[in-house]
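Now for the letters of each chain:
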Amino acid sequence: MEDLIKKLTEFRRELHRNPELSGKEENTAQRILKFLGDVKPSELYINIGGHGLILVFDSGNPGKTILIRGDIDALPIDESQNLPYSSITHGVSHKCGHDGHTTILAGLALRLNEEPLKNGKAILLFQPAEETGAGAEAMLNDWPENIKPDLVFALHNIPGKPLHSIIIKNDWFASASQGMIVNLKGVSAHAGEPEMGINPAFAIARIVEFIKELQLKKYQKATIIHMKVGEIAFGTSPGEGVIMLTLRAGNNKDMDSLTTQVKNEILAITESESIKTEISFTEVFPATRSHKTANAAIADVAEKQGLKIITGDEPFNWSEDFGHFTMRYPGAMFGLGAGEDCPNLHNPDYNFPDELTKTGILIFEEIVRGMV
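Reference entry: report on the structure contained in this document. Only a predicted model underlies this, so the values are computations on that prediction, with no experimental measurement involved.

## Regarding the packing of aromatic side chains
Argument step 1. Taken as a whole and judged by the stated rule, the model has seven aromatic pairs.
Argument step 2. On the basis of an interplanar angle of 15° and a centroid distance of 4.1 Å, the ring pair of F11 and F35 is categorised as stacked. You can see F11 sitting in helix α1 (residues 2-17) and its partner F35 sitting in helix α2 (residues 26-35), a full 24 residues away along the chain.
Argument step 3. The exposure class of F11 is buried, given its relative accessible area of 2%.
Argument step 4. An aromatic cluster of at least three residues, connected via ring pairs, comprises W143, F322 and F325.
Argument step 5. The residue whose ring lies beneath K7 is F35, and the NZ or CZ to ring-centre distance is 5.3 Å.
Argument step 6. Above the plane of the ring of F316 lies K169, whose end atom (NZ or CZ) is 4.5 Å from the centre.

## Focus: the sheet that holds strand β3 (residues 65-71)
Argument step 1. With mixed pairing, eight strands are arranged side by side in an open sheet as β1-β2-β4-β3-β5-β16-β6-β15. Two strands lie at the open edges of the sheet, namely β1 (43-48) and β15 (309-312), each paired on one side alone. Adjacent strand axes in the sheet meet at a mean angle of 20°, parallel and antiparallel pairs treated alike.
Argument step 2. Sheet topology places β1 next to strand β2 (residues 52-58); four bridges connect them, and they run antiparallel. Looking at the pairing, I48 lines up with G52 of β2.
Argument step 3. Each of β5 (151-158), β6 (166-169), β15 and β16 (331-337) is contacted by helix α7 (residues 292-304), which is oriented at about 160° to β6, the strand it contacts most.
Argument step 4. In this fold helix α9 (residues 356-371) packs onto β3, β4 (121-127), β5, β6 and β16, with an angle of close to 165° to the strand it touches most, β5.

## What to know about the environment of D78
Argument step 1. Here D78 is to be found in the loop between β3 and α3 (98-114).
Argument step 2. In sequence terms D78 and S22 are 56 residues apart; their C-alpha atoms lie 15 Å from each other.
Argument step 3. When residues no more than four places from it in sequence are discounted, the contact partners of D78 are H90, G91, S93, K95 and P348.
Argument step 4. A polar contact of 2.8 Å, which involves the side chain of D78, links it to the backbone nitrogen of G91.

About the thresholds
- Residues numbered from 1 in each chain as written.
- Predicted model: local features only at pLDDT ≥ 70, side-chain atom pairs only at ≥ 80, totals over all residues.
- Heavy atoms only, no water.
- Phe/Tyr/Trp six-rings, centres within 6.5 Å; stacked < 30°, edge-to-face > 60°.
- Helix = DSSP H or I, 4+ residues; strand = E, 2+ residues; numbered from the N terminus.
- Buried < 20%, exposed > 50% of the residue type's maximum accessible area, 1.4 Å probe, protein only.
- Lys NZ or Arg CZ within 6 Å of the ring centre and 35° of its normal.
- Pairing = 2+ DSSP bridges.
- Axes fitted to C-alpha atoms, helices over the stretch in contact; angles between N-to-C directions.
- Contact = heavy atoms within 4.5 Å.
- Polar contact = N/O pair within 3.5 Å; in protein donor to acceptor, adjacent residues only side chain to side chain.

Okay, here's the thing in structure tokens:
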């Protein structure tokens, strides 16, 4: 196993050195295929939902079909560390640990190739564009008809939690979130005659005040992330504006109610100000659900391996597009502790701990072999 881990560490650092943004992971996918060149899956699918890869390991015998997902994209963040394998792409780096998630999945592929399953199937899915919320849905829209998993699993490394600990959430693992874009159109006028126009700034001011005073349920958040009115032209009263929000909730039902509440109030405000309004949504992440059967399988494996298990009811505030999979298939995501002193996700100082590679492989492998 140690020779395998050394090989995988080198691969992880190669990925770290060569990150690619969401939707642009063509070279990353090719690196994965090259690394797995000696692996002979029963079926191989490429370019699924963009640059996604699916490897099927079929025992040929009856049993369950278990899907394991790893994400492959990086973030638009500069690498602040001077590592021997620092990113060579300016402004892009693996600051969420997807290089580590990909490496764990690649290690699982090597193990399943070395020691084939006796029953059932394992589906290994290398997914693009997780960070934008587009990748999972794109893959599912491009899904091979003959792939029908019984359960789906994924992990995410969690800084601030004890190294190698397993974090399990009851019911909901990660929150739902989406970007709301509100375009406002009034009528421009001369700055000396603003009463001849309709300036959207006043509607935006009222929307800001509404968001500030919004009464939210537990695990709900509404965050203003951008706004703009007109251009820098001191002779003009602007006629156009935009305000953008991120809406967040711990489950999909509360997300629906929050979205309706915010949308209706914004439309009421803009109508009273005689502003034409267009509302659109982007980067839509459904909440990631953890089903009891899947959580029990994770806990059973973690206990057998003597790992610390941390459970809780409160979902993480951040979102994961694995929620698209758990909406279609039963399954669960779990956290893998990255250490109390590990910098936070999306922090320029973050770097995936290579010690987690072996732990991740062993957990996934035991889940697959124990459930098929």
